[in-house]
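Summary of structural features
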Amino acid sequence: MNAHDSSAHHHQSALALHHQIASGQCSAVSVLDATYATLKATEGALQAYTCLTEDLAYQTARNVDSAVSRGEKLPLLAGVPIAIKDNLNLTGYPTTCSSKMLASGYVSPYDATVCSRLKAHMMPIVGKTNLDEFAMGSSTENSALLKTKNPWDLNRVPGGSSGGSAATVGARQVLLSLGSDTGGSIRQPAALCGVVGIKPTYGLVSRYGLVAFASSLDQIGPFATTAEDAAALLDVLSGQDAMDATSKPESMSSHALNLSQKLLELPADTLKGLRVGVIAELSGEQAEGFEPDVMAAFEASVNTLKSLGATISTISIPSVKYGVAAYYIVAPAEASSNLARYDGVRYGLRVEEDSADRPANLHRMFRETRAAGFGSEVKRRIMLGTFALSAGYYDAYYGKAQQVRELLRHEFNTAWQQVDALICPTSPCTAFEFGSKSSDPIQMYLSDVATIPVNLAGIPALSIPCGFDHQGLPIGLQLQGPHWSELTLLQISRAFEKATSFSGALPPIARRPVASA
Ligand code: GLN
């Protein structure tokens, strides 16, 4: 297969590509050749990758081809190239978290559990993707390494913090990638790049080997171009893991396992019998700061779901208005503790004493290492979190935030007595221009007003493409459900996809003829 043929599989699904490889219609190595050809032709403009992992990818692809030639049955998604966010550990390759703290030479000695699973499924890992430093941000502008562009408009951000993973799938460099989501970092960039992104139920996917940001909120999840592909990738990732005490036993998570198989058994063209609630506080007149085009696409989506047979009602979740405030106590508090380990001794950067008039002093080494290694947003979070946890302030801030968290859980649980899923726009705005929010942290934090409550409650949610604004930028629809309701959310997504054409739309960068690049 030459590079020109590669455009063919950008337009197909990961599952279809897997079946072609498994049936011998094309080899995994030729698919990988074509993938790297496209990737390299577009990467100069897009800048989604912190590093490429070609040796590992080719080794995996060759293993797939020999398994096919021996007539072996391949595991789910074998042969399909995938990218991973650069806060996931992969043996023998750098983990940078897009931070100067780690980019100065840290190489991972072990695999994150999700990477072991990708390897067990013989999926070639093509490279590691850019992010906001330590996953803190909503635009990927906080990366200390490079500036990832939105595939729909290279003058705009891809969203964040998993901006590289969203952009690479949006641009069809690859059809699948992994991100992490603490307050919206999979769903918001998925919305801004026009792809599908899932934040699974807390405990469905092992966090072992994910560099910790806020451990009670962090989950790893898939990016894909269709709901069926996302379901298949989630199947590869899910399951209990002895290395993560918060990963749930299969008896508890069973509803969210084997999704791709279960999805096949559900009707694809009707949502009859399903009850969908519109979140009152994140739609209509109560939704503050949502762009009119976003609201219009959301209202059209509600009508599409209605026409597919779903029953629509309005549900109030009053505490969503406190979500962002509570998150910016809980997440920085956990981050301040998790990031204490970057001390110049154990990982990456160390700023050494350099002159005779500044004698060696351990505390000064800690301080200078952290001052040089962390960017300003990370420092802001560490200071916020340290303050919120300090004696005398704990009850006023951390205690109160935990109460909001409990209220949110209670309000969502009450909603599930009336509806099977809740919907709202994923992000109040479409992709914004570089620099337009980076000087105002509160504006940036508000990008996650609709996604944060989900992490605080531990429930699953996903974003699917649901329209375009007047500038042609993609808009995302967020679906949320009770714990372990991933199947219902995917069923609704697949029916929505089949009834609309938003998921199939390609950005200019993916339409560029590869051969001429
Ligand atoms: N944008 C949010 C933050 O900056 C969420 C980030 C994430 O989910 N990792 O914290």
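Read on for an overview of the structure. (Residues numbered from 1 in each chain as written. Predicted model: local features only at pLDDT ≥ 70, side-chain atom pairs only at ≥ 80, totals over all residues. Heavy atoms only, no water.)

Section: the site of the ligand
- The immediate surroundings of the ligand are formed by 15 residues, with Thr182, Gly183, Ser185, Tyr327 and Asp448 found nearest.
- The separation between a nitrogen atom of the ligand and a polar side-chain atom of serine 138 is 2.8 Å.
- One of the side-chain N or O atoms of tyrosine 327 is found 2.7 Å from an oxygen atom in the ligand.
- Here the residues of the shell around the ligand are counted per class, giving five nonpolar, seven polar and three charged. (Near = heavy atom within 4 Å. Polar contact = N/O pair within 3.5 Å; in protein donor to acceptor, adjacent residues only side chain to side chain. Nonpolar A, V, L, I, M, F, W, Y, C, P; charged D, E, K, R; others polar.)

Here we look at the packing of aromatic side chains
- All chains considered together, the criterion is met by 16 aromatic pairs.
- Ring geometry for tyrosine 342 and phenylalanine 374: centres 6.3 Å apart, planes at 90°, overall edge-to-face. Of this pair, tyrosine 342 sits in the loop between helix 13 (323–338) and helix 14 (362–373) while phenylalanine 374 sits in the loop between helix 14 and helix 15 (376–389), and the two are 32 residues apart along the sequence. The exposure classification of tyrosine 342 matches that of phenylalanine 374, with both residues buried.
- Between phenylalanine 412 and tryptophan 416, the aromatic rings sit 6.0 Å apart at their centres with planes inclined by 15°, giving stacked as the arrangement.
- Residue class for phenylalanine 412 comes out buried when judged on its relative accessible area of 1%.
- Here tryptophan 416 falls in the buried class, since its relative accessible area comes to 13%.
- These aromatic residues form a ring-pair network of at least three members: Tyr106, Phe134, Tyr342, Tyr347 and Phe374.
- Positioned over the ring face of phenylalanine 434 is lysine 147, at 4.5 Å from the centre of the ring. (Phe/Tyr/Trp six-rings, centres within 6.5 Å; stacked < 30°, edge-to-face > 60°. Helix = DSSP H or I, 4+ residues; strand = E, 2+ residues; numbered from the N terminus. Buried < 20%, exposed > 50% of the residue type's maximum accessible area, 1.4 Å probe, protein only. Lys NZ or Arg CZ within 6 Å of the ring centre and 35° of its normal.)

Concerning the side chain of aspartate 181
- Relative to the elements of secondary structure, aspartate 181 occurs in strand 4 (residues 176–181).
- Overall, aspartate 181 belongs to the buried group, its relative accessible area being 0%.
- Side chain to side chain, aspartate 181 and asparagine 455 meet in a polar contact 3.0 Å long.
- Residues within four places of aspartate 181 in sequence aside, it is in contact with Ile186, Arg187, Lys199, Leu217, Asp218, Gln219 and Asn455. (Contact = heavy atoms within 4.5 Å.)

Examining a nonpolar patch on the surface
- Together, Phe387, Tyr393 and Tyr397 give the surface a local cluster of nonpolar side chains, amounting to about 290 Å² of exposed area.
- Counting through the fold element by element, phenylalanine 387 comes out in helix 15. (Patch = residues over 30% accessible without salt bridge, like charges linked within 9 Å, V, L, I, M, F, W, Y side chains within 5 Å. Areas by Shrake-Rupley, 256 points an atom, 1.4 Å probe, with all protein chains shown as cover. Salt bridge = Lys/Arg side-chain N within 4 Å of Asp/Glu carboxyl O.)

Quick notes on helix 13
- Under the 1.5 Å per step criterion, the end-to-end length of helix 13 is 22 Å for 16 residues, consistent within 8% with the ideal 22 Å.
- Most of helix 13 sits inside the fold, with 14 of its 16 residues counted as buried. (Expected span 1.5 Å × (residues − 1).)

Considering the environment of serine 98
- Within the secondary structure, serine 98 sits in the loop between strand 2 (82–85) and helix 5 (100–103).
- Its relative accessible area of 0% is what places serine 98 among the buried residues.
- Those residues in contact with serine 98 that lie beyond four places of it in its chain are Thr50, Asn130, Leu131, Glu133, Asn142, Ser143, Ala144 and Leu145.

Overview of the environment of leucine 264
- For leucine 264, the position within the fold is in helix 11 (residues 259–264).
- Spatially, the C-alpha atoms of leucine 264 and glutamate 228 are 8.9 Å apart, while their sequence positions differ by 36 residues.

Things to note about the pattern of salt bridges
- Considering all chains together, one arrives at 15 salt bridges under this definition.
- Here glutamate 433 and arginine 156 are joined by a salt bridge, their closest N and O atoms 3.5 Å apart. Of this pair, glutamate 433 sits in the loop between strand 9 (421–425) and helix 17 (441–445) while arginine 156 sits in the loop between strand 3 (125–129) and helix 7 (163–170), and the two are 277 residues apart along the sequence.
- A relative accessible area of 42% means that glutamate 433 is categorised as partly exposed.

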